[in-house]
Amino acid sequence: MLHKADFDSWCRKLRLSNETVALIERIRNSQPARAVQSSRGNVTGRYPSRKMGVTIQFESHKNELAFIHEYEHERDVLEFYDQPLTIKLIYEAINKRRLGVLHTPDFFLICTEAAGWDECKTEEQLIKLASKNPNRYFRDLDGSWRCPPGEAYAEPFGLFYRVRSSKEINWTYQRNIEFFDDFYRSDTLIVTANIRTYLLEVATRNHSITMGDLLRHTEGITCDDIYILIARGELYVDLYEAPLAEPDNVRIFPNEEAAIAYKNLIQTSAQTRSNDLPLIDVAVGSLIQWDGRGWTVINVGETTIGLLGEGQSFIEVPLIAFEKLFQENRIIGLSVNAPSSIHPEVKRRIEQADTPAYAKANRLHEIVLAYINGEPLPINTTISGRTLRRLEAKYLKAQEAYGSGYIGLLPLQRKGNTKSKLSDITLAAINDFIVNRYETCKQQSKFAVYSAFRLFCEQRGILPASYKTFTKAIKMRPRYEQTLKRQGHKAAYRDKEFYWNMTPTTPRHGERPFHIAHIDHTELDIELVCSSTGQNLGRPWATFLVDAYSRRMLAVTITYDKPSHRSCMMIVRECVRRFGRLPQIFITDGGLEFSDTYFETLLAVYNCTKKKRPPSESRFGSICERLFGTTNTRFIHNLQGNTQIMRNVRQVTKSVNPKEHAIWTLEKLYFYLREWSYEVYDTIEHPALGQCPRDAFAKGMCSTGRRSHLLIRNDNLFRILTLPTTPRTTAKVQPGRGVKINYIYYWSDAFRHPEVEGKQVRVRYDPFDIGSSFAYVRGTWIQGYSEKHNTFHNRSIHEIAIASDELRRRQTRHFGKLNITAIKLARFLESVEGEEVTLRQRMTDRATRNVLALVDGKQQLEVAAETTSEHKADISNDANPFYTDLTDQPQEPMEPELYGEF
């Protein structure tokens, strides 16, 4: 972001008026005017911008996010702000009425030579809006979209107002920017001098070498070395030309000038090509072999050729490059095909014939050819001479007329009269009643609508259709649109067609491991008991983090708590414990725990983009949903106490009730769930991959780079950052008492410093141990202890909430006012009644702490029963399963499973 002096200098350079400067300063100093919302089908989210130092909202990951990527990496853009201050647009409606509309543009840009607003919309949206009101949006003679009222508002300030269409987006560039994002964010990446010198020499000596060839013919060079040099600008790749995920199509140059020279050379060579060089006439359907892989030509354009490869992979190759590969004999198996000269009638008959017709024609063709050539007829031929002469005449006649005698032997398809016997008036009436009577939210039955149709026909002397014909016409209508009109978009979603993405946009399931990960929760189908008392504690909730590219389970945790920020904390810790890093993009649902400020801040700190899938669109989370089903059916349903039978709850008796047969504890279940997820599921072949997730993951890491610079140290600082904070994120240091969090004061000697007393400091608390908290004081996170620490140690925030509610309930009986303090809470929790109220919560919290002991790397489960007296006696840090003392020496870098499992 621009500093104050840089901003003032920029304003003077552009000679902006005082009003314009004041407007821009208000935009720069204001929060976004609104929070983005997910309309039907849109994936919203937040992008951690390195240029701006904050997260930027986007309302569509296929539109606004693409422009954010451009702003982030375009040198001309100095700053950009999402959802800037609302402005008023004045224009004339289509009915000549004057309108004044409050409008919040998508972005405000500060560029080197200008500033203004950008409104980003899809091409389809703009076409629809322009038809509704051409005075607001229209396409000019150059094909660019414009918004006259927006331009009229910006003009007095000397600013611009632009309409950006999704048609402008280059999806190859978008894929590459997302692919390279991890390398652009670090300034400390190092490539050894020997490797750097060698790569630069190879790129200079072998003009336009592909990345695939470079990796295959060099030893000791990794993808990461090449990516780092490209990100630093020491090697050049045209990010608009080919996806980096396809290394055989990516050409590497020593610099941008060399790349431009190569393009000019190719174009010149193509224009002055010698006539004796073989020209290629490629036909759709041709099979070729390129670099050891089979490809099928599925499209031949004016400038590119579309190829379909193994696994339904699709690429487009420039025609000039295709011809060059053919001339160099790198593409083989391609024959020169003349333009098709098949007669239209031949094509029509071939398409209409069925299998029995082909079988009959093939048999007759063999007989006729033998008869014409004077050869012996096939064995068991029982055709008379007259029939043979008739078949010969048909063959020769078709040969002369269509160039194919075979067609004369194909049986003619007689389908009869296919024209409807109903009049056009009747057909129009049927369509009208279906559209305006049946396909409405009133949801009339077919028979009711048909009865009204029949009455309509009788009153007007029209011949009505039968009920069978009427219902058949209803079934012929588009199913999705019909259900949408009758029952709404949620009911129609099951009939909505899949979006088969054949354009070069970012693949739905990512391009590499740790690119995209889905996170979601589910309640497992099993009843659990307490490890110390044997009391039934109910069904647990599991949280899964799944790598979209390899379908590998990156992390899995379970707890008795319903989905909350605690679940997010546990799953993030487990992922870092296993692999030492986090995914680039998190796909979440609309749960409140994923919109929590703490969770979004955690992702922003580690440069993770969050995308929220649209509501009621379950297919966006199909990877997690399928995994939930697999986990339940293949693992949970094989354990005693599973709740399959509860689907028919009316038939359940006490003898078969899962609650009576529950024997599994949360700790033991988690131990074996991890074993199943990380060792069993991980090594079973996945039908969508053709290999097991572990192998797909390892192969992807080798081919797209390990990106070791993204490793996260699993130390106290990381664990503190995973803790939740208060709604205000800060607390005031009260002299002599400390900071107050959730009714409780926490004290540390660091609060005595005169620079700290009375100031607001950032705070975080442990949801499973409210006996201590953390505060950011003078550049360091320090640990503070609560008053009545003996009572609160190893108590969860849930217990405090239960105790507070119970105190309020008791006080309201006497119509009095209750001020909840730490002393009152401690006395209540120490009392027999308090223990009784919170006993069940304490048992579930104890089990969850044991699970967290595994998450944080402890090898033994803490399953010993805890008593009130033990809590009073044990106040050491060793009893806390989350943290070690912050005064400990820094830990050595961890050895994540990222490498160990290969």
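Residues numbered from 1 in each chain as written. Predicted model: local features only at pLDDT ≥ 70, side-chain atom pairs only at ≥ 80, totals over all residues. Heavy atoms only, no water.

Notes on the sheet that holds strand β29 (residues 769–777)
Strands sit in the order β25-β28-β29-β30-β27-β26 across an open sheet of 6 strands; the sheet is antiparallel. Two strands in the sheet have a free side with no partner beyond their single neighbour: β25 (730–732) and β26 (739–741). With strand direction ignored, the average angle separating the axes of adjacent strands in the sheet is 45 degrees. Of the strand pairs in this sheet, β29 and strand β30 (residues 780–786) are connected by 6 bridges, and their pairing is antiparallel. Along β30, the bridge assignment pairs V777 with T780. (Pairing = 2+ DSSP bridges. Helix = DSSP H or I, 4+ residues; strand = E, 2+ residues; numbered from the N terminus. Axes fitted to C-alpha atoms, helices over the stretch in contact; angles between N-to-C directions.)

So, the sheet that holds strand β21 (residues 541–547)
Strand order in the open sheet formed by 7 strands is β2-β1-β24-β23-β18-β21-β22, with mixed pairing between adjacent strands. Two strands bound the open sheet, and with one partner strand each, they are β2 (55–58) and β22 (553–559). Recorded for the sheet is a direction-independent mean angle of 20 degrees between the axes of neighbouring strands. In this sheet, strand β23 (residues 585–588) lies alongside strand β18 (residues 516–523) in parallel orientation, the contact comprising 3 bridges. The residue bridging H518 from the neighbouring strand is I587, located in β23.

A word on the state of the cysteines
Counting across every chain of the model gives 0 disulfides. Between C575, a cysteine without a disulfide, and C608, which holds the nearest cysteine sulfur, the sulfur-to-sulfur distance is 9.0 Å. (Disulfide = S-S within 2.5 Å.)

Here we look at the environment of T44
Mapped onto the elements, T44 comes out in strand β1 (residues 44–48). Of the residues examined, T44 reaches a relative accessible area of 3% and is grouped as buried. Along the sequence, T44 and K62 sit 18 residues apart, while their C-alpha atoms lie 9.6 Å from each other. Ignoring any residue separated from it by four or fewer positions in sequence, one finds T44 in contact with V36, Q37, S38, F58, E59, K610, K611 and K612. (Buried < 20%, exposed > 50% of the residue type's maximum accessible area, 1.4 Å probe, protein only. Contact = heavy atoms within 4.5 Å.)

Quick look at empty space enclosed by the protein
Tallying each qualifying case throughout the model produces 5 cavities of 30 Å³ or more. Taken as a whole, the second largest cavity holds about 50 Å³ of empty space. Lining the second largest cavity are Y47, L65, H69, E178, D181, Q584, I585 and T609. Contributing elements (two or more residues each) for the lining of the second largest cavity: α3 (64–73) and α6 (171–184). Partitioned by chemical class, the residues of the lining of the second largest cavity number 3 nonpolar, 3 polar and 2 charged. (1 Å grid on protein atoms, 1.4 Å probe; cavity = no way out; pocket = protein on both sides within 12 Å on 5 of 7 lines; lining within 4 Å. Points joined across faces, edges and corners; volume = space filled by probe spheres on them. Nonpolar A, V, L, I, M, F, W, Y, C, P; charged D, E, K, R; others polar.)

Description of the nonpolar core
Of all hydrophobic cores here, the largest spans 62 residues; its most connected members are L524, F544, L545, L554, I558, L582 and L669. Ranked by the residues each element gives to this core, the list is headed by helix α21 (residues 565–579), at 8 residues. Excluding anything up to four places from it in sequence, L554 contacts F514, A517, L545, V546, D547, C575, R578, F579, P583, Y678 and F697. With 45 residues, the next largest nonpolar core counts L2, V21, L23 and I110 among its residues. (Core = buried A, V, L, I, M, F, W, Y, C linked by side-chain atoms within 4.5 Å.)

Quick look at the environment of I177
On the secondary structure map, I177 appears in helix α6. Taking the relative accessible area as the measure of exposure, I177 reaches 1% and is therefore buried. The sequence separation of I177 and H69 amounts to 108 residues, and the corresponding C-alpha distance is 7.1 Å. Apart from residues no more than four positions distant in its own chain, I177 is found in contact with H69, H73, Y184 and L239.

A short note on a nonpolar patch on the surface
Judged by side-chain polarity, Y371, I372, L377 and L396 come together as a nonpolar surface patch covering roughly 300 Å² of accessible area. Note that I372 resides in helix α13 (residues 355–372). (Patch = residues over 30% accessible without salt bridge, like charges linked within 9 Å, V, L, I, M, F, W, Y side chains within 5 Å. Areas by Shrake-Rupley, 256 points an atom, 1.4 Å probe, with all protein chains shown as cover. Salt bridge = Lys/Arg side-chain N within 4 Å of Asp/Glu carboxyl O.)

A word on helix α7 (residues 193–205)
Three- or four-residue spacings in an α-helix give side chains the same orientation, since the helix completes a turn every 3.6 residues. The terminal C-alpha atoms of α7, which comprises 13 residues, lie 18 Å apart, in line with the 18 Å expected from a rise of 1.5 Å per residue. Turning to α7, its buried residues are I195, L199, V202 and A203. All buried residues of α7 project into a common sector of 95 degrees when viewed along the axis, lining one side. In α7, the exposed residues that point more than 90 degrees away from the buried face are A193, N194, T204 and R205. Elements that come into contact with the buried residues of α7 comprise β11 (209–210), α8 (211–216), α9 (223–231) and β12 (251–252). (Expected span 1.5 Å × (residues − 1). Arc of directions from axis to C-beta.)

A short note on the pairing of strand β4 (residues 87–92)
Taking every second residue as pointing to the same face, the buried face of β4 carries I87, L89 and Y91, while none of K88, I90 and E92 on the other face is buried. Relative to strand β5 (residues 98–103), β4 runs antiparallel, the two being bridged by 6 bridges. The residue bridging K88 from the neighbouring strand is L102, located in β5. Hairpin connection, β4 to β5: the antiparallel pair is bridged by 5 residues, and K96 has positive phi, about 75 degrees.

Things to note about the packing of aromatic side chains
Tallied over the full model, the rule gives 32 aromatic pairs. Ring geometry for F108 against W117: centres 5.3 Å apart, planes inclined by 70 degrees, an arrangement best described as edge-to-face. Both rings, one in Y606 and one in F718, keep their centres 6.0 Å apart while their planes meet at 65 degrees; by these two values the pair is edge-to-face. In this pair, Y606 sits in the loop between α22 (597–605) and β24 (609–612) while F718 sits in helix α27 (residues 716–721), placing the two residues 112 residues apart along the sequence. Exposure remark for Y606: the relative accessible area of 22% places this residue in the partly exposed category. Aromatic rings pair up to connect F433, F447, Y450, F453, F456, Y467 and F470 into one cluster. Above the face of the F7 ring, R28 is positioned so that its terminal group lies 4.3 Å from the ring centre. (Phe/Tyr/Trp six-rings, centres within 6.5 Å; stacked < 30°, edge-to-face > 60°. Lys NZ or Arg CZ within 6 Å of the ring centre and 35° of its normal.)

Concerning the confidence of the model for the protein chain
The predicted model of the protein chain averages 80 in pLDDT, with 80% of residues at 70 or higher. Every residue in residues 268–279 scores below 50 in pLDDT, and together they form 7 contacts with partners more than four places removed in sequence or on other chains. A low-confidence stretch, residues 859–902 (pLDDT under 50), is modelled with 105 contacts involving residues beyond four sequence positions or located in other chains. (pLDDT = per-residue confidence, 0-100.)

What about the packing of helix α16 (residues 424–438) against helix α18 (residues 467–475)?
Here α16 crosses α18 at 60 degrees, and the two axes come no closer than 10 Å. The way α16 lies across α18 gives a crossing that is right-handed. Contact residues: α16 offers I430, F433, I434 and Y438, while α18 offers F470, A473 and I474. For the contact of α16 with α18, the per-class residue count stands at 7 nonpolar, no polar and no charged. (Left-handed = near helix turned anticlockwise from the far one by under 90°.)

Some points on the pattern of salt bridges
Scanning all chains against the criterion turns up 36 salt bridges. With its nearest N and O atoms 2.9 Å apart, the salt bridge here joins R146 to E151. The class for R146 is partly exposed, based on a relative accessible area of 33%. Looking at E151, the relative accessible area reads 24%, which means it is partly exposed.

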